[in-house]
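Secondary and tertiary structure notes
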Amino acid sequence: VVEVTVSAGTERLFCGFVHDLTKQKESENELMRRENFTNNIIEASHDALLVTDTEGHIIRVNDAACQQFGWERSEMLQSKMEKMLTPDSRQTYREEVQQCLAKKKTKKAQEEIQCTRVDNSIFPASMCVRSVEGKNGQVLFAVFIA
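Residues numbered from 1 in each chain as written. Predicted model: local features only at pLDDT ≥ 70, side-chain atom pairs only at ≥ 80, totals over all residues. Heavy atoms only, no water.

Along the protein, the regular secondary structure elements total four helices and seven strands. When its helices and strands are written in sequence order, the protein yields β-β-α-β-β-α-α-α-β-β-β. A compact globule built from 146 residues should have a C-alpha radius of gyration of about 15 Å, whereas the protein, at 25 Å, is more than 25% larger. Taken over the C-alpha atoms alone, the protein extends approximately 90 × 35 × 25 Å along its principal axes. In the protein, which comprises 146 residues, the share counted as buried stands at 32%. Long-range contacts, defined as pairs at least 24 residues apart, comprise 38% of the intrachain contacts of the protein with a sequence gap of at least 6. On the protein, roughly 10300 Å² of surface is accessible, and the fraction owed to carbon and sulfur atoms is 51%. (Helix = DSSP H or I, 4+ residues; strand = E, 2+ residues; numbered from the N terminus. Rg over C-alpha atoms; globule rule 2.2 N^0.38 Å. Buried < 20%, exposed > 50% of the residue type's maximum accessible area, 1.4 Å probe, protein only. Contact = heavy atoms within 4.5 Å. Areas by Shrake-Rupley, 256 points an atom, 1.4 Å probe, with all protein chains shown as cover.)

This brings us to the pattern of salt bridges. Following the criterion strictly, the structure yields six salt bridges and no others. When the shortest N-O distance is used, the salt bridge between Arg-73 and Glu-43 registers 3.5 Å. Residue Arg-73 is found in helix H3 (residues 73-76), and its partner Glu-43 is found in helix H1 (residues 22-44); the two are separated by 30 residues along the sequence. Judged by its relative accessible area of 29%, Arg-73 falls in the partly exposed class. By relative accessible area, Glu-43 is classed as partly exposed at 27%. (Salt bridge = Lys/Arg side-chain N within 4 Å of Asp/Glu carboxyl O.)

Turning our attention to unusual backbone geometry. In this model, Asn-120 sits at a positive phi of 70°, which is unusual for a non-glycine residue. Mapped onto the elements, Asn-120 comes out in the loop between strand S5 (111-116) and strand S6 (122-133).

On to the nonpolar core, then. The nonpolar side chains of a soluble globular protein tend to be buried, and buried together. Leu-50, Phe-69, Met-76 and Ile-145 are the most contacted members of the largest nonpolar core, which has 24 residues in total. Counting only elements with at least two residues in this core, the list comes to strand S3 (48-52), strand S4 (58-61), helix H2 (63-69), helix H4 (87-101), S5, S6 and strand S7 (139-145). Top element by residues in this core is S6. It accounts for four residues. By size, the runner-up hydrophobic cluster in this structure holds five residues, among which are Ile-42, Leu-49, Leu-140 and Ala-142. (Core = buried A, V, L, I, M, F, W, Y, C linked by side-chain atoms within 4.5 Å.)

Written as structure tokens, this is what we have:
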């Protein structure tokens, strides 16, 4: 809003512009609905999902991952993927990540691995690693464990 000066008179006039935000708000609401939908599917999965960065830091987990590994979500989010795996399986994870980075991963193969729970007990599982693009374009890895 800007005041407009009128040369003769004591009347004050103002000029303003209105921008309709309806479409922007509708787009924001649709994006939020889609995010909620995706989050609900991720959390409903019986398989563990861990999302890691290129250095193996865990940046997202679902409830199934917390249950399978016995960790609190906050603890898992402060850990690296390798902490969840036995030494041999750590190497398998690294190789899968390298194949994704080199774009040599052509099939959705599952690797047999051994996982380590918070109490240090070991359980067998199948792992599939897929590269995904993060919100800011960074490379992330979706690690599915069944």
